[in-house]
Amino acid sequence: MNTHVSPAPVRQSVVVEAPIERAFKVFTEQFGSFKPSEHNLLAVPIAETVFEPRVGGHVYDRGVDGSECRWARVLAYEPPNRVLLSWDISPRWQIETDPEKTSEWEVRFIAETPHRTRVELEHRKLDRHGDGWQGVRDGVAGDQGWPLYLQRYANLFGRAA
Amino acid sequence: MTVESAQITALGDPTRRTIFELIADRPRSVAEITRQVQVSQSAVSQHLKVLRDSRLVRAEPKGASNVYHIDPHGLGQMRAWLDQFWSKTLAAYKVAVEQPPRKSK
């Protein structure tokens, strides 16, 4: 049995009442102003979040003590239409240093009218994070053909599957 | 944590658990699942909605219908978290971008 469980991407979109150039500019230049603040791998509060506007740049949080956390790499930067970034945070909430084990998120800006822009976000290649759920996949693909987590849930109900 | 308790609740129903087990065995369509259980197709669809909402399974369009796959557990958690993260981020972004342009950042 060779069951490959590949996860669906996270897809979201929003329509904003703003021209495409402004939609792009606010998303990139002010990213830190709307990113939820609970998202932080630093030991201290975030002083600012910087989105470096170029391929090869990073998105990083800077803590109030000057420490930095670079959690995304800019893979494509195409104003005002598109950005593509990596997501270098592992399922264990640590910075992932192996680029092969990172997912990616793309943001596309589409002008619906001169004053209205549709922003589509896709966070994909989630399975590249790997180790966080390797055990689950082995369980699915193994001879027993039974996901470990399903067993675990069954145990919670006190009924053997 | 919310996701996990939703998953536990979702699997508390015996029919739903049977449906989930069928999907865990291999990806299946609603019609295929209906042939294996003692309830109507519309009831199966309702159960699938609950399983989908709690991130235990996901639907992939295939022709006129959906094929259901399991969402690996650890990944399901991360995926659910990312879903919420991006949802909050885009909502806050909409507010930011629709403010009148400021002279200085």
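What you see as residue numbers is a count from 1 along each chain, following the sequence as written. Written order decides the labels, with chains lettered from A and ligands numbered from 1. For a predicted model such as this one, the threshold for reporting local features is a pLDDT of at least 70, and the threshold for listing and counting side-chain atom pairs is 80 or more; totals across whole chains, interfaces and linings nevertheless cover every residue.

A. View of the sheet that holds strand 2 (residues 46-51) of chain A. All names here are of chain A. We call two strands paired when DSSP finds no fewer than two bridges between them. Only DSSP runs of H or I reaching four residues or more are called helices, and only runs of E reaching two or more are called strands; each is numbered from the N terminus. Pairing is antiparallel in the open sheet, where 7 strands are placed in the order 1-7-6-5-4-3-2. Sheet topology places strand 1 (10-16) and strand 2 at the edges, where each strand pairs with a single neighbour. If you compare each strand with its neighbour and ignore which way they point, the axes differ by 20° on average. Judged from the 6 bridges that link them, strand 5 (residues 82-87) and strand 6 (residues 103-113) form a sheet pairing that is antiparallel. For Ser86, the partnering residue across the bridge sits in strand 6 and is Glu104. Running over the sheet, helix 1 (residues 20-29) touches strand 1, strand 2, strand 5, strand 6 and strand 7 (116-124) and is turned about 155° from strand 6. Between N-to-C directions, angles cover 0 to 180 degrees, with each direction set by a line fitted to C-alpha atoms, over the stretch in contact for helices. By the criterion used throughout, residues are in contact when their C-beta atoms, derived from the backbone, lie within 7 Å.

B. Main features of the sheet that holds strand 1 (residues 28-29) of chain B. All names here are of chain B. Spatial strand order, 1-3-2: 3 strands in an open sheet with antiparallel pairing. Edge strands, defined here as strands with exactly one partner in the open sheet, are strand 1 and strand 2 (57-62). Both strand 1 and strand 3 (residues 65-70) contribute to a ladder of 2 bridges, which runs antiparallel. Counterpart to Ser29 in the pairing with strand 3 is Val67. Contacts from helix 4 (residues 41-53) reach strand 2 and strand 3 within the one sheet, and its direction differs from that of strand 2 by about 115°.

C. Quick look at the pairing of strand 2 of chain A. As paired strands, strand 2 of chain A and strand 3 (residues 58-63) of chain A are joined by 5 bridges and run antiparallel to one another. Bridged to A:Phe51 within strand 3 of chain A is A:Val59.

D. Inspection of the pairing of strand 6 of chain A at higher detail. Residues and elements named next belong to chain A. Pairing geometry for strand 6 and strand 7, over 9 bridges, is antiparallel. Residue pairing in the sheet places Ala111 in a bridge with Thr117 of strand 7. In this antiparallel pair of consecutive strands, strand 6 and strand 7, the connection spans 2 residues.

E. Main features of the nonpolar core. Any set of buried Ala, Val, Leu, Ile, Met, Phe, Trp, Tyr and Cys residues joined through C-beta atoms within 7 Å is what this text calls a nonpolar core. Exposure criterion: with C-beta atoms placed from backbone coordinates, a residue whose C-beta has 20 or more other C-beta atoms within 10 Å is buried, one with 12 or fewer is exposed, and one in between is partly exposed. Core analysis: the largest hydrophobic core is formed by 25 residues, its most contacted members being A:Ala23, A:Phe27, A:Val107, A:Val119 and B:Val97. Of all the secondary-structure elements, those providing two or more residues to this core are strand 1, helix 1, strand 4 (68-78), strand 5, strand 6 and strand 7 of chain A together with helix 5 (73-98) of chain B. Beyond its immediate stretch of four places on either side in the chain, A:Phe27 contacts A:Val107 and B:Tyr93. Counting residues in each nonpolar core, the second largest holds 14 residues, with B:Ile19, B:Ala24, B:Ile33 and B:Val57 among its members.

What is shown is where atoms sit, not what they do.
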